[in-house]
Amino acid sequence: MSIRNTKLDAESIIKDAAKELKAPARRLFGKRILSLGGLVMLSGCNLTDDKSVNAMLRKISSFNDDAQALLFDPNKLAPTYPESMITRPFPFNAFYDIDEVPEVDASAYKLEVGGRVTGKRVWTLDELHAMPQESQVTRHICIEGWSAIGKWGGVRFAHVLARAGADTSAKYVAFHCADNYSTSIDMPTALHAQTLLTLTYDGQFLPPKYGFPMKLRMPTKLGYKNPKHIVAITVTNDYPGGYWENQGYNWFGGS
Ligand SMILES: Nc1nc2c(c(=O)[nH]1)N[C@H]1C(S)=C(S)[C@@H](COP(=O)(O)O)O[C@H]1N2
Ligand SMILES: [Mo]
């Protein structure tokens, strides 16, 4: 957002706020909110200087997360597609180039589940493969402006959480990855029927570029919320943030 030296520029404040206020929240308030008066009312901020404008934008942004969470229907399924529509080759994306994809050693690998859990905390890949497997053909949407249809297979994340004895009244599930990527999601999405801890891509073990040994796949969330190379999962009430979320991407990240 631009620096204002002398007087506050109402038009640019409204433009910035509109950007923060993504579609679901905008639907809640209609067009009325997009006046300076409406923003003052919603945020309780005075907007007398740049500092208060920034505080207002931060509030609007977290309000947007809250509104998305409120509007999230845990029983609504994302669209699925026939296998003939799979995008080939499926794109690779990460915060680094493809030649820097981490190599995770399958035999030494252990998944750690911690935080608010009372059950199984350390998992091998074999144990995950031994659980009932499901697959889905869904659309992955990246915030950078591309989308692609792919086929992932794995274990329902709700089943993993159940065996881990997770406190499903906790707010967040956080993920730490072998490449030091991180993200976190809301519990209703973690328990959604299409949220899979995937071990395969298109019928093969997940190749390194798509996140070996596992990627959490959620067709209800944007690409950056879908962590690859997961090594640790934490159930928590403390807001965990994430790699892109800490740089300003919307935390809820619904698609
Ligand atoms: N560990 C890890 N997970 C990640 C990322 C990453 O850089 N590291 N990038 C995210 C983003 S922005 C996208 S679009 C998808 C890309 O997944 P793909 O390579 O299977 O297409 O992974 C997501 N998960
Ligand atoms: Mo992305």
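Residues numbered from 1 in each chain as written. Chains lettered and ligands numbered in written order. Predicted model: local features only at pLDDT ≥ 70, side-chain atom pairs only at ≥ 80, totals over all residues. Heavy atoms only, no water.

- Under an unreviewed UniProt entry, the name given to the chain is Molybdopterin-binding protein, and the source organism is Caballeronia grimmiae.

1. Some words on the pairing of strand S3 (residues 134-142)
Working note: regular strand, side chains alternate between the two faces of the sheet.
Turning to step 1, where the next piece is worked out: Strand direction decides the pairing type here: S3 and strand S4 (residues 146-156), joined by nine bridges, are antiparallel. Each bridged residue has a counterpart across the sheet, and for Arg 139 the counterpart in S4 is Ile 149.
Turning to step 2, where the next piece is worked out: Connecting S3 to the antiparallel partner S4 that follows it, the hairpin turn spans three residues, and Gly 145 within it adopts a positive phi of roughly 110°. (Pairing = 2+ DSSP bridges. Helix = DSSP H or I, 4+ residues; strand = E, 2+ residues; numbered from the N terminus.)

2. Quick look at the sheet that holds strand S1 (residues 111-115)
Turning to step 1, where the next piece is worked out: The strand order across the open sheet built from five strands is S2-S1-S10-S5-S6, with neighbouring strands paired in mixed fashion. The open sheet has two free edges, formed respectively by strand S2 (122-123) and strand S6 (182-186), since each of these has just one partner strand.
Turning to step 2, where the next piece is worked out: Strand direction decides the pairing type here: strand S5 (residues 172-177) and strand S10 (residues 230-236), joined by six bridges, are antiparallel. If you follow His 176 over to S10, its bridge partner there is Ala 232.

3. What to know about unusual backbone geometry
Turning to step 1, where the next piece is worked out: Omega for the peptide link from Arg 88 to Pro 89 comes to -10°, which places this bond in the cis form.
Turning to step 2, where the next piece is worked out: Mapped onto the secondary structure, Pro 89 falls in the loop between helix H4 (50-71) and S1.
Turning to step 3, where the next piece is worked out: Cis peptide bonds are those with omega within 30 degrees of zero, and the linkage from Phe 212 to Pro 213 qualifies with 5°.
Turning to step 4, where the next piece is worked out: Note on placement: Pro 213 falls in the loop between strand S8 (204-205) and strand S9 (215-217).
Turning to step 5, where the next piece is worked out: Even without being glycine, Asn 180 reaches a positive phi, approximately 70°.
Turning to step 6, where the next piece is worked out: Structurally, the position occupied by Asn 180 is in the loop between S5 and S6.

4. Thoughts on the site of ligand 1
Turning to step 1, where the next piece is worked out: Neighbouring ligand 1 are 21 residues, the closest being Pro 91, Asn 93, Asp 179, Asn 226 and Lys 228.
Turning to step 2, where the next piece is worked out: Residue Asn 93 places a main-chain N or O atom 2.9 Å away from an oxygen atom belonging to ligand 1.
Turning to step 3, where the next piece is worked out: Coverage of ligand 1 by the protein amounts to 99% of the 540 Å² it exposes when considered alone.
Turning to step 4, where the next piece is worked out: Classifying every residue of the shell around ligand 1 by side-chain character gives twelve nonpolar, five polar and four charged. (Near = heavy atom within 4 Å. Polar contact = N/O pair within 3.5 Å; in protein donor to acceptor, adjacent residues only side chain to side chain. Areas by Shrake-Rupley, 256 points an atom, 1.4 Å probe, with all protein chains shown as cover. Nonpolar A, V, L, I, M, F, W, Y, C, P; charged D, E, K, R; others polar.)

5. Some words on the side chain of Asp 179
Turning to step 1, where the next piece is worked out: Tracing the chain through its elements places Asp 179 in the loop between S5 and S6.
Turning to step 2, where the next piece is worked out: The side chain of Asp 179 is buried and forms no salt bridge, while Lys 228, the nearest opposite charge, is found at 6.8 Å.
Turning to step 3, where the next piece is worked out: Of note is the side chain of Asp 179, whose polar atom sits 2.5 Å from the side chain of Tyr 96. (Buried < 20%, exposed > 50% of the residue type's maximum accessible area, 1.4 Å probe, protein only. Lys, Arg positive; Asp, Glu negative; His and termini not counted. Salt bridge = Lys/Arg side-chain N within 4 Å of Asp/Glu carboxyl O.)

6. A look at helix H3 (residues 36-43)
Turning to step 1, where the next piece is worked out: When we look at burial in H3, the residues that qualify are Gly 38, Leu 39 and Ser 43. One side of H3 carries all its buried residues, which in axial view fall inside an arc of 115°.
Turning to step 2, where the next piece is worked out: Each element contacted by the buried residues of H3 is listed here: helix H1 (10-20) and H4. (Arc of directions from axis to C-beta. Contact = heavy atoms within 4.5 Å.)

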